[in-house]
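# Fold and contact review
The residues making up each chain are set out below.
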Amino acid sequence: MFAKLDEVEALFEDIEQRLTSPAVVGNQVLFQKLSKEHSGLLPLVTTYRQFKKLKNDFAHNEEMAHQETGELKELAQEENKALEPELQTLERRLKVLLLPKDPNDDKNTLLEIRAGAGGDEAGIFAGDLFKMYHKYAEGKRWSVEMMSASDNDVGGFKEVILMVRGDKVYSHLKYESGVHRVQRVPKTETQGRIHTSTVTVAVLPEAEDVELHIDPNELRFDVFRSSGPGGQSVNTTDSAVRVTHIPTNMVVVCRDEKSQHKNKAKALKILKTRLLDMKQQEQAAKIAAERQGQVGTGDRSEKIRTYNFPQGRVTDHRIGVTLYQLDSFMGGDIESLLTQLQAHYESEALKAQTSGSGAS
């Protein structure tokens, strides 16, 4: 591992020198490429340099403890007791940083929220999750664009699709895919009974044009007049767009914009992102089938979380964590749980890597 880290540090230093070269500074494409590479290596190199410094301090204290007596010896031993857990933490962090990176982590994200079981209450909770993620995104200074929405009759959503853009959006939200269960007394309930409803969330990395080519001959476009609740006409022109990918029979409808051109562009963006996700899910399923022991596949059919309003708690079933801060959680304060989820999946990846290297 440390030989690999030395190589990475040498590469980092070489990039730093190249970034000061007039030839590189004058070539914006190369400068941006190297800057991105430099930024990607910075956390690993910074952690490694901190680890090396503490390791040197530890070795110096050990030498002092062997050579000295009395108070100096005790001081060196005490310092090393404090340094030991720090070194272990940094070494684990280095192992995590050396794990193969998810190529989607830096991407913008299509966030799809759909009402599941539970009728109107499921739609209301879909709206609550929409607000929760929107507030979280605002706190991260990400931009959120409504791509498509289908309202229900009680102020919620049958389906809402958002494009979230910003720094490492997918890396933060990717573990939100799955079934979210809510337990509470619905607004529509007159006898005070607690109902259980579900909402599904899908988090898809934005598809880049270079990643996925779609044959235009495999697409069918239909345009129609958009209508709102009660069937009233929203637009006086045929601006709503339905695009069908014929080989997969995948259908996307966009009707929010008054412009047919804008609705078509949004529908194509959603379609490309879903097709890329389908392709990646198939690849992941194949890998998982080959590695029977893999843990935490992130299957979005899993029930991942329960929001219990009578008890004011939210429980994530994948990591067994319960927080009694439901109000603030629904207000977008979800970072703590997302951090714990990331740590859990990093640990699982480290275990898989260790068992894999042991088996070989």
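First things first, this report covers the structure right here in the doc. (Residues numbered from 1 in each chain as written. Predicted model: local features only at pLDDT ≥ 70, side-chain atom pairs only at ≥ 80, totals over all residues. Heavy atoms only, no water.)

## Some thoughts on the packing of helix H1 (residues 2–19) against helix H3 (residues 28–67)
Packing of H1 against H3 leaves a shortest axis separation of 8 Å and a crossing angle of 135°. Taken together, the axes of H1 and H3 lie oblique to each other. Where H1 crosses over H3, the handedness of that crossing is left-handed. Across the contact of H1 with H3, the residue classes break down as 16 nonpolar, two polar and eight charged. (Axes fitted to C-alpha atoms, helices over the stretch in contact; angles between N-to-C directions. Helix = DSSP H or I, 4+ residues; strand = E, 2+ residues; numbered from the N terminus. Parallel < 35°, antiparallel > 145°, perpendicular 65-115°, else oblique. Left-handed = near helix turned anticlockwise from the far one by under 90°. Nonpolar A, V, L, I, M, F, W, Y, C, P; charged D, E, K, R; others polar.)

## Some words on the packing of H3 against helix H4 (residues 70–97)
Between H3 and H4, the least distance of the axes is 8 Å, while the angle of their chain directions is 155°. The angle between H3 and H4 falls in the class roughly antiparallel. H3 and H4 meet at a crossing whose hand is left-handed. Residues of the contact of H3 with H4, tallied by class, amount to 15 nonpolar, five polar and eight charged.

## Let's talk about unusual backbone geometry
Residues other than glycine seldom take positive phi values, yet lysine 168 does so here, at roughly 55°. Examined against the element boundaries, lysine 168 turns out to sit in the loop between strand S3 (157–165) and helix H6 (169–173). Of note, the phi angle at asparagine 249 is positive, near 60°, even though the residue is not glycine. In this structure, asparagine 249 sits in the loop between strand S7 (240–245) and strand S8 (250–254).

## Notes on the pairing of strand S2 (residues 143–151)
Pairing geometry for S2 and S3, over eight bridges, is antiparallel. Across the sheet, residue glutamate 145 finds its bridge partner in S3, namely methionine 163. Between the end of S2 and the start of S3, which pair antiparallel, lie five residues, with glycine 155 showing a positive phi angle near 90°. (Pairing = 2+ DSSP bridges.)

## Section: H1
With 18 residues, H1 should reach 26 Å at 1.5 Å per residue; the first-to-last C-alpha distance of 26 Å fits that figure. Buried residues in H1 make contact with helix H2 (22–25), H3 and H4. (Expected span 1.5 Å × (residues − 1). Contact = heavy atoms within 4.5 Å.)

## Looking at the packing of aromatic side chains
The full count for this structure, using the stated rule, is six aromatic pairs. With 5.1 Å between their ring centres and 65° between their planes, phenylalanine 125 and tyrosine 307 make a pair best called edge-to-face. Note that phenylalanine 125 is positioned in helix H5 (residues 120–139) and tyrosine 307 in strand S9 (residues 303–308), a separation of 182 residues in sequence. Accessibility expressed as a relative area gives 0% for phenylalanine 125, which makes it buried. Considering the side-chain rings of tyrosine 175 and tyrosine 345, the 4.4 Å spacing of their centres and the 10° angle between planes classify their relative orientation as stacked. Of the two residues, tyrosine 175 sits in the loop between H6 and strand S4 (178–184) while tyrosine 345 sits in helix H9 (residues 335–359), which places them 170 residues apart along the sequence. When sorted by exposure, tyrosine 175 lands in the same class as tyrosine 345, which is buried. Chaining the aromatic ring pairs together yields one cluster made of Phe125, Tyr307 and Phe329. If you follow arginine 184 out to its NZ or CZ, it ends over the ring of phenylalanine 309, 4.8 Å from the centre. The ring of phenylalanine 221 carries lysine 264 above its face, with NZ or CZ at 4.6 Å from the centroid. (Phe/Tyr/Trp six-rings, centres within 6.5 Å; stacked < 30°, edge-to-face > 60°. Buried < 20%, exposed > 50% of the residue type's maximum accessible area, 1.4 Å probe, protein only. Lys NZ or Arg CZ within 6 Å of the ring centre and 35° of its normal.)

## Looking at the pattern of salt bridges
Opposite charge on two side chains lets them pair, provided their charged atoms get close. If you walk through the whole model with that rule in mind, you get 24 salt bridges. Across the pair glutamate 145 and lysine 266 runs a salt bridge, and its minimum N-O distance is 3.8 Å. Residue glutamate 145 is found in strand S2, and its partner lysine 266 is found in helix H7 (residues 260–290); the two are separated by 121 residues along the sequence. Through salt bridges with shared partners, a single network forms among Glu9, Glu13, Arg49 and Lys52. (Salt bridge = Lys/Arg side-chain N within 4 Å of Asp/Glu carboxyl O.)

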